[in-house]
Each structure stands twice: as structure tokens, then as C-alpha cells.
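Understanding the architecture of this molecule
Below are the chains, spelled out letter by letter.
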Amino acid sequence: KRMSGLRTRLYDFKKVLALVSTFFIVCPLAFATNVINTIGYVEAPTAFSNGDVAMGHLTFKGGVTVPAGGSIVVDTTGILDGTIELNSTGALTLASDLHLGSTASMPSGGYIDGNGHAMFLTGKFTVPSEKQIKIICDLALDGKGNEVILPNSSRFQLSDNVTLTLRNMNLH
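Now for a look at the structure at hand. Source: prediction; values computed, not measured.

Rules of the game
- Residues numbered from 1 in each chain as written.
- Predicted model: local features only at pLDDT ≥ 70, side-chain atom pairs only at ≥ 80, totals over all residues.
- Heavy atoms only, no water.
- Helix = DSSP H or I, 4+ residues; strand = E, 2+ residues; numbered from the N terminus.
- Buried < 20%, exposed > 50% of the residue type's maximum accessible area, 1.4 Å probe, protein only.
- Contact = heavy atoms within 4.5 Å.
- Areas by Shrake-Rupley, 256 points an atom, 1.4 Å probe, with all protein chains shown as cover.
- Core = buried A, V, L, I, M, F, W, Y, C linked by side-chain atoms within 4.5 Å.

Attention now goes to the overall build of the protein. Each helix and strand in the protein was counted, giving one helix and 14 strands. Taken over 172 residues, the protein has a buried fraction of 37%. Long-range pairs, those at least 24 residues apart, make up 21% of the contacts in the protein between residues at least 6 apart in sequence. For the protein, the accessible area works out to roughly 9,400 Å², and carbon and sulfur atoms hold 56% of it.

Now the structure itself:
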């Protein structure tokens, strides 16, 4: 009888563990610091905190800042334009395709977690001299016929087993 009770508790524990595991996999946004989910146009620069999520139809005209070592999730059908300040070690994590505006720039480099999505350019994009943009998960960069410029030791650096697809661009 005692062994039967132990089996029941073990079975119940497995059910709870499966439920918790499913919650973590299906609901990662539930643990975000701040979720911005709206339709809007943001003219001023936007400073994010580590773990923030931007979703909905948002256009960031004034750029965004991610803290050094921090990460934000971007899941917006709008445009990300202006300065994208990743402070060398900050990361953009894509939860959907992302459109960069015609004045988008990443002056200090940083990390992009593409998650198999695409970034579309609407203008010339320059990786600043001697900076690197580290691609840490598969990404397609679609230039839509625009220039991507890599001057003076600037580069895209790929993590192991990561694919960066470059298409529809003039690479200089």
C-alpha cells in the first residue's frame, strides 16, 4: 500500500512537471519584465530594460536602446528606425520578421537573435568601423536592393551552427 501511494505521488509530480514545462515553452512572454503591446508611432528614443518585449503594430522612429548585456524581444509589424543602441553586448531577439527604417543604424554593434526570421532594409545600412554584429541564431537579411556597407574591419560574426542569409543587396 505504501508503494502505491509513492507511485501516485510520483505520477502527480510528473503531471505537474509536464504542465510547468509546457507553460515555460508556450508562454515565454509571461516572464518578460515589461510588455508593450499596442498600435502606435513612437517619435522619441525608447529605452528598454532587460527582458522587455515590444509587440503589436509599433513603429519606433526615434530608435531604441538596450542595456549592455540585456536583451529585448521584438515582435512588431511596424518599423524600427533611428539609432538601435545595443551597447556592444545587448541583443535584439526577433519573434517575427523585422523591418528596419531608412535611417536605422547600430553604432556600437551587438547581438541579433534572428530565430529564423528576416530583417528587411528600407535604406542603406552601414556596420560602423571596427564594430561587429553578432548573429546568434539563424537570420535572413534582405536588403530590398539597398547597400550594406562593411568598412574598416567591421563584420557580421556568426555563432557556431548559425546561418546568415544575405539577399537582394549590394554588399560593399
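This next bit is on the nonpolar core. Membership of the largest hydrophobic core comes to 31 residues, with the highest contact counts inside it found for Ile84, Leu92, Leu100, Met106 and Met119. Of all the elements in the fold, those that place two or more residues in this core are strand S3 (53–60), strand S5 (71–76), strand S8 (91–94), strand S9 (98–100), strand S10 (110–121), strand S12 (132–149) and strand S14 (164–171). In terms of residues, this core owes the most to one element, S12, which gives five residues. With near-sequence residues (within four places) excluded, leucine 92 lies in contact with Ile72, Val74, Leu80, Ile84, Leu86, Leu98, Met106, Tyr111, Ile112 and Asp113.

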